[in-house]
Structure formats: C-alpha cells, structure tokens
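Listed here are the chains, written in short residue letters.
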Amino acid sequence: KPPVAAAQPGPAQFDDARFEARVYGRALVLTPVEYRLLRALAAQPGRVFSRANLAASAYSDHRVVGERTIDSHIKNLRRKLDAAALWGQLQRIRM
C-alpha cells in the first residue's frame, strides 16, 4: 500500500512513512506493531477481527505469535489511547 498522507479526513490520521498516528489531532507514541494494529482497526470500522487477522496485520514478516501476544499489544494500545484521553471517543476494541 502507498503511504497515507497525514492530512486525511476523519478522527485518525496515519503517516505510514514515519509510523506516526494522530487521533483527533493528538499525536500518539506507538510501537510499530501498535501502529499497524491501530491502522488495521481504523481502516475497517465496525469489523470484528480475529486474533489471527490482527497478527497478520501487525507482523508483515509472517512470524508466528501466540494469541496472548496480540492481547498484550491491544492492552497497551488501549492504555495509550486512554492516557491520551481518546479511549472514550473511539469504539471499544473487544477481545
């Protein structure tokens, strides 16, 4: 996929070249895996993702990771969104 410009409309903005994400204009400090997870979730709002789907989005090298690894990344992503006072503004991610 080509990089998406940071000026895209909507609550979440992504710069794939820099692995930078902004939600409602607030910059988030994310690991590359957290960035890819948020990017995948934001690209298809309302979709229910399996852990296997999320793992495929998070790891481009097709490494094998346990289901709990994805749970841990989602937990950390939730914590970062909450710390940025954004969690209530986004639809809940359920595992």
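Residues numbered from 1 in each chain as written. Predicted model: local features only at pLDDT ≥ 70, side-chain atom pairs only at ≥ 80, totals over all residues. Heavy atoms only, no water.

Visitor: Any details on the sheet that holds strand β2 (residues 20-23)? Residues and values, ideally.
Guide: Pairing in this open sheet of three strands is antiparallel, and the strands run β1-β2-β3 from one edge to the other. At either margin of the open sheet sits one strand with a lone partner, and together these are β1 (12-15) and β3 (26-28). On average, adjacent strands in this sheet sit at an angle of 25 degrees to one another, irrespective of strand direction. In the packing of helix α1 (residues 32-43) onto the sheet, contacts are made with β1, β2 and β3, and the angle to β1 comes to roughly 130 degrees. (Pairing = 2+ DSSP bridges. Helix = DSSP H or I, 4+ residues; strand = E, 2+ residues; numbered from the N terminus. Axes fitted to C-alpha atoms, helices over the stretch in contact; angles between N-to-C directions. Contact = heavy atoms within 4.5 Å.)

Visitor: Can you lay out unusual backbone geometry for me, pointing to particular residues and giving the numbers?
Guide: Positioned with a positive phi, F19 is a non-glycine residue whose angle comes to about 55 degrees. Looking at the secondary structure, you find F19 in the loop between β1 and β2. Despite not being glycine, H62 has its phi angle at roughly 60 degrees, a positive value. Here H62 shows up in the loop between α2 (51-58) and α3 (67-83). Its relative accessible area of 67% is what places H62 among the exposed residues. (Buried < 20%, exposed > 50% of the residue type's maximum accessible area, 1.4 Å probe, protein only.)

Visitor: Would you mind going over the confidence of the model for the protein chain in detail, with residue names and values included?
Guide: Per-residue pLDDT for the protein chain has a mean of 81; in total, 79% of the residues score no lower than 70. Note that pLDDT drops below 50 for residues 1-7; the model gives that stretch 11 contacts with residues more than four away or on any other chain. (pLDDT = per-residue confidence, 0-100.)

Visitor: Tell me what's going on with α1, and back it up with residues and numbers.
Guide: The terminal C-alpha atoms of α1 lie 16 Å apart, and with 12 residues this matches the ideal 16 Å at 1.5 Å per residue to within 8%. Close packing links the buried residues of α1 with β1, β2, β3, α2 and α3. (Expected span 1.5 Å × (residues − 1).)

Visitor: Describe the packing of aromatic side chains, naming the residues involved and giving the relevant values.
Guide: One pair of aromatic rings is described through two measures. These are the centre distance and the angle between the planes. The tally for this structure, following the rule as stated, stands at two aromatic pairs. Taking 5.7 Å as the distance between ring centres and 80 degrees as the angle between the ring planes, the aromatic pair formed by F14 and Y35 counts as edge-to-face. Here Y35 lies in helix α1 and F14 lies in strand β1, a separation of 21 residues in the sequence. Consider the rings of F19 and Y35, whose centres lie 5.0 Å apart with planes at 50 degrees: the pair is tilted. Linking F19 in the loop between β1 and β2 with Y35 in helix α1, this pair joins segments that are 16 residues apart in sequence. One aromatic cluster is present, formed by F14, F19 and Y35 through successive ring pairs. (Phe/Tyr/Trp six-rings, centres within 6.5 Å; stacked < 30°, edge-to-face > 60°.)

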